[in-house]
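# Per-entry structural report
For reference, the chains in residue letters:
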Amino acid sequence: MDMLTVLPSNFGYAIFTYLYSWIMLGYLAVKVGGARKKFDVKYPTMYSDTHQVFNCIQRAHQNTLEVYAQWLVFQTIAALVYPLSAAVLGAIWVTSRFSYAWGYYTGDPSKRMYGAYGYIGYFASSSCPYL
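All values derive from a computational prediction rather than experimental measurement. (Residues numbered from 1 in each chain as written. Predicted model: local features only at pLDDT ≥ 70, side-chain atom pairs only at ≥ 80, totals over all residues. Heavy atoms only, no water.)

Quick look at the packing of helix α4 (residues 83–104) against helix α5 (residues 118–127) now. The geometry of α4 relative to α5 is characterised by a closest axis approach of 7 Å and an angle of 140° between their N-to-C directions. Comparing their axes, α5 and α4 come out oblique. The chirality of how α4 crosses α5 is left-handed. Of α5, the residues touching α4 (which contributes L89, I92, W93 and S96) are G118, I120, G121, Y122, A124 and S125. When grouped by side-chain class, the residues that make up the contact of α4 with α5 number six nonpolar, four polar and no charged. (Axes fitted to C-alpha atoms, helices over the stretch in contact; angles between N-to-C directions. Helix = DSSP H or I, 4+ residues; strand = E, 2+ residues; numbered from the N terminus. Parallel < 35°, antiparallel > 145°, perpendicular 65-115°, else oblique. Left-handed = near helix turned anticlockwise from the far one by under 90°. Contact = heavy atoms within 4.5 Å. Nonpolar A, V, L, I, M, F, W, Y, C, P; charged D, E, K, R; others polar.)

This is the structure in structure tokens:
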């Protein structure tokens, strides 16, 4: 069976969303690496006892990784049924992770809520195939 006959014609938009998410994860990882160097937090230490800002940078990345697998599943299922809608919702979620991280990077954990709009994309894509 040819894969192109199984996937919806607009599934390519979902692929772009996956690539966008890969860029976002790479960006967050690079920020953690830079913070490790700046605050002298050696591997395998996950969190610092003395540098709150490092912990916020680390948590922004870690929290994204904690929900990423579920998002991939929801995104894929939604894209198989509604590829264009899923791509838009996925782009909202990925963009929100940048806002989330930039708020967290301030060192004030409450500012991570700048990315709360991402729940629109996250929950809508998880329910999209069931509508």
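The next point concerns the pattern of salt bridges. On inspection of all chains with the given rule, the structure shows two salt bridges. For the salt bridge of K42 with D40, the shortest nitrogen-to-oxygen distance reads 2.7 Å. Of the two residues, K42 and D40, neither departs from the other in class, the shared state being exposed. Put simply, E66 and R59 hold a salt bridge, and the shortest N to O gap is 3.2 Å. Given a relative accessible area of 39%, E66 falls into the partly exposed group. (Salt bridge = Lys/Arg side-chain N within 4 Å of Asp/Glu carboxyl O. Buried < 20%, exposed > 50% of the residue type's maximum accessible area, 1.4 Å probe, protein only.)

So yeah, pure geometry; function would need other evidence.
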